[in-house]
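For reference, the chains in residue letters:
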Amino acid sequence: MKIGSNQRISGRSYLDGQCLIAMPGMADTRFSRSVVYVCAHSEDGAMGIIVNKPAADTRFPDLLVQLDVIPSEELIRLPSQAERLQVLRGGPVETKRGFVLHTADFFLESATLPIDDGICLTATLDILRAIAIGSGPENAVLALGYAGWGAGQLESEIQANGWLHCAADAALLFDDGIETKYTRALGKIGIDPAFLSSQAGHA
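Residues numbered from 1 in each chain as written. Predicted model: local features only at pLDDT ≥ 70, side-chain atom pairs only at ≥ 80, totals over all residues. Heavy atoms only, no water.

**What about the overall build of the protein chain?**
- Each helix and strand in the protein chain was counted, giving seven helices and 11 strands.
- Over its C-alpha atoms the protein chain spans a radius of gyration of 17 Å, differing by no more than 12% from the 17 Å that the globule rule assigns to 203 residues.
- Over its C-alpha atoms, taken along the principal directions, the protein chain stretches across nearly 60 × 35 × 25 Å.
- Among the 203 residues that make up the protein chain, the fraction classed as buried is 44%.
- Taking the intrachain contacts of the protein chain between residues at least 6 apart in sequence as the baseline, contacts between residues at least 24 apart amount to 66%.
- Counting only carbon and sulfur atoms, one obtains 51% of the accessible surface of the protein chain, whose full area is about 10,300 Å². (Helix = DSSP H or I, 4+ residues; strand = E, 2+ residues; numbered from the N terminus. Rg over C-alpha atoms; globule rule 2.2 N^0.38 Å. Buried < 20%, exposed > 50% of the residue type's maximum accessible area, 1.4 Å probe, protein only. Contact = heavy atoms within 4.5 Å. Areas by Shrake-Rupley, 256 points an atom, 1.4 Å probe, with all protein chains shown as cover.)

**Quick word on helix H3 (residues 125-132)**
- Residues of H3 that are buried: Ile 127, Leu 128, Ala 130, Ile 131 and Ala 132.
- Residues of H3 that are buried in the fold lie against helix H1 (60-66), helix H2 (80-84), strand S7 (93-103), strand S9 (119-122) and strand S10 (140-149).
- Following H3 by one or two positions, Gly 134 adopts a phi angle in the positive range, close to 85 degrees.

**What about the environment of Gln 86?**
- With respect to the element layout, Gln 86 can be found in the loop between H2 and strand S6 (87-89).
- Ignoring sequence-local partners within four residues, the contact set of Gln 86 consists of Val 141, Leu 142, Phe 174, Asp 175, Asp 176 and Ile 178.
- Looking at Gln 86, its side chain comes within polar contact range of the main-chain oxygen of Asp 175, at 3.0 Å. (Polar contact = N/O pair within 3.5 Å; in protein donor to acceptor, adjacent residues only side chain to side chain.)

**What about the side chain of His 102?**
- Inspection of the secondary structure assignment puts His 102 in strand S7.
- With sequence-adjacent residues up to four places away left out, His 102 is seen in contact with Thr 112, Gly 118, Ile 119, Cys 120, Leu 121, Thr 122, Ile 127, Pro 137, Asn 139, Ala 140 and Phe 174.

None of this, on its own, says anything about what the molecule does.
Structural data, given as structure tokens:
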């Protein structure tokens, strides 16, 4: 089933396919200055991937070898896209598990979740194998872990001014300008980060 940001349950709009932007006063330091792409949001809770936090000292080619996707001697044959693929710290839940956020030009039946506007999520080794041989999606990032919220939790955090949200776009999700994604996300909704910081904590 396709999950889209325009779905409504009981008259309420959900945020699938949108980006959450952490407010300066975010109480949870794990999400400080985070931009989170929301992969699923319903009355049962929400799940997303942080797209602007690189995983420290982790390279995609090294992960391919560690996961036995390819032998180390095959690294020299990796396509350039695989060598450059970003590895992100996707969130505090299941941090040893990989989630590939990617464009919809790659799809695995019963494994790929279509989200919105041509963006999908796949969490199997098959997509890593495809990327390693050059037959994967045009754009992708690999996230270790994800962000999760229980029923009503994300809504409560938004109401408590923990998060703003904006429309997602391919550059915000996939380009390598990680250090500017937070500022760019705020810019999409017309907010200057300096002004937002000065207003933090004010009603």
